[in-house]
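Summary of structural features
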Amino acid sequence: MPERALQGNWDEIDVPDRRILITGATGLLGRAVYKEFKANNWHAVGCGYSRARPRFEKVNLLDVAAVHNLIQDFQPHVIVHCAAERRPDVVDSQPDAASQLNVAASGNIAKEAAEVGAFLVYISTDYVFDGRNPPYKENDAPNPLNLYGKTKLEGEKAVLTNSDDAAVLRVPILYGEVESLKESAVTIMFDKVQFSNKSANMDHWQQRFPTYVKDVASVCRQLAEKRMEDPSIKGIFHWSGNEQMTKYEMACAMADAFNLPNSHLRPITDSPVVGAARPQNAQLDCSRLQMLGIGQRTPFRIGIKESLWPFLTDKRWRQTVFH
């Protein structure tokens, strides 16, 4: 891809000549993607909205003119589009707002990316599948069970329609170094794990593949760098951790990682009756990326320890293990 001169306010001295724009850079995955590219000699610019300042550009992705100006001014070689409404129950309660962000904004970013010749990576989800016939390859027919999965699938279509050269990267449930425990559907369980004086019901029906955001960030960078050499790198890709666990099993693994009791955790094997419908097992087949030599997997026990130790209520444990 041809190098392009930096324009306007972006001029800096000794800036790496590979430029990447990350949307949703204030979020769990976006922060990891930003760090990964920055650490590997890319000029990274992140944008966010509610949590943007002072580190990132504050941009409302629904503002077509603002998005146009940002991409035209920065002229990125790569855009990783992490921004999304990812909470299925919130999508159900605010369908129009979720569709605006997950579909309309994604299609517009793809159009702007195509205009400047940028390689767009759109982050999607395993929830595009119904979970009845895993594992799923990239070309298997999607059949989302909930509105979140539908909006992300529509977002995929909008991206690939507006930019022939874009990539879609589907990933499952994510965890990592969170700012608060509720930032990930994995880490949010840690309070229940720690407060062992109260029994806690944990889902033991849905099969999940918890995936570390640092690994997804590395895959995004490897994909971008491979694309710089090979323009045929486009279309749909899958990446996922390879440890199959229910939320009950994740909670037990958290307890085990920090030598905490787990007898108060109770496995619930019935399918959930409240909230948005979830696929029972939407395991992703990741062989397309693996055949390209792309991948990184951190064992859950290691990743979850790195992510959760700041939230331990027992400070003595932290001192003995980390100091």
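Residues numbered from 1 in each chain as written. Predicted model: local features only at pLDDT ≥ 70, side-chain atom pairs only at ≥ 80, totals over all residues. Heavy atoms only, no water.

A few points about unusual backbone geometry
Keep this limit in mind: Where helices and strands are cited, they refer to DSSP runs of H or I of at least four residues and of E of at least two residues respectively, numbered from the N terminus.
The residue after Pro-134, namely Pro-135, is reached through a cis peptide bond having omega -5°. You can see Pro-135 is positioned in the loop between strand S5 (119-125) and helix H5 (147-162). Positive phi outside glycine occurs at Asn-41, with the angle close to 65°. Looking at where Asn-41 falls in the secondary structure, it is placed in the loop between helix H1 (28-38) and strand S2 (43-48). Phi is positive for Asn-259, close to 55°, though the residue is something other than glycine.

As for the pattern of salt bridges
Rules: We count a salt bridge whenever a side-chain nitrogen from Lys or Arg sits within 4 Å of a carboxyl oxygen from Asp or Glu. Burial classes: relative accessible area under 20% of the type maximum marks a residue as buried, over 50% as exposed, and values in between as partly exposed (1.4 Å probe, protein chains only).
A complete count under the given rule lists 14 salt bridges for this structure. In this structure, Glu-85 and Arg-87 form a salt bridge, with 2.9 Å as the shortest nitrogen-oxygen distance. Taking the relative accessible area as the measure of exposure, Glu-85 reaches 14% and is therefore buried. Taking the relative accessible area as the measure of exposure, Arg-87 reaches 42% and is therefore partly exposed. Ionic pairing is found between Arg-278 and Asp-89, a salt bridge with its closest N-O pair at 3.3 Å. Taken together, the residues Arg-278 in the loop between strand S11 (265-268) and helix H9 (287-291) and Asp-89 in helix H3 (residues 88-93) connect sequence positions 189 residues apart. For Arg-278, a relative accessible area of 25% gives the class partly exposed. Here the salt bridges do not stand alone but share partners, grouping Arg-18, Glu-36, Arg-221 and Glu-225 into one network.

Quick word on the packing of H1 against helix H7 (residues 213-229)
To be explicit about the condition: Angles run from 0 to 180 degrees between N-to-C directions of axes, and those axes are lines fitted to C-alpha atoms, restricted for helices to the stretch in contact. Here the word oblique covers every angle except those under 35 degrees (roughly parallel), over 145 (roughly antiparallel) and from 65 to 115 (roughly perpendicular). By convention, the crossing between two helices is left-handed when the near helix turns anticlockwise from the far helix through less than a right angle, and right-handed when the turn is clockwise. Residue contacts follow a heavy-atom distance rule, with two residues in contact if any of their heavy atoms lie within 4.5 Å. Any residue that is not Ala, Val, Leu, Ile, Met, Phe, Trp, Tyr, Cys, Pro, Asp, Glu, Lys or Arg is counted as polar, Gly included; the first ten are nonpolar and the last four charged.
Following both chains from N to C, one finds H1 and H7 inclined at 50°, their axes separated by 8 Å at the closest point. As judged from the angle between their axes, H1 and H7 are oblique. Note on packing geometry: the crossing formed by H1 with H7 is right-handed. Of the residues in H7, those touching H1 at Leu-28, Leu-29, Ala-32, Val-33, Glu-36 and Phe-37 are Val-213, Lys-214, Val-216, Ala-217, Ser-218, Cys-220, Arg-221 and Ala-224. Along the lines of polarity and charge, the residues of the contact of H1 with H7 split into 10 nonpolar, 1 polar and 3 charged.

So, the nonpolar core
Rules: Throughout this description, the term nonpolar core refers to a set of buried Ala, Val, Leu, Ile, Met, Phe, Trp, Tyr and Cys residues connected via side-chain atoms within 4.5 Å.
Within the largest apolar cluster, 62 residues are counted, with the highest numbers of intra-cluster contacts made by Val-80, Ile-123, Leu-169, Val-186 and Leu-223. If you tally residues by element for this core, the top one is helix H8 (residues 247-257), at 8 residues. With near-sequence residues (within four places) excluded, Leu-169 lies in contact with Val-121, Tyr-122, Ile-123, Ser-124, Val-216, Val-219, Cys-220, Phe-237, His-238, Trp-239 and Leu-289. Of all hydrophobic cores here, the second largest spans 23 residues; its members include Val-45, Ile-71, Ala-105 and Ile-109.

No statement about biological role is implied by the geometric values presented.
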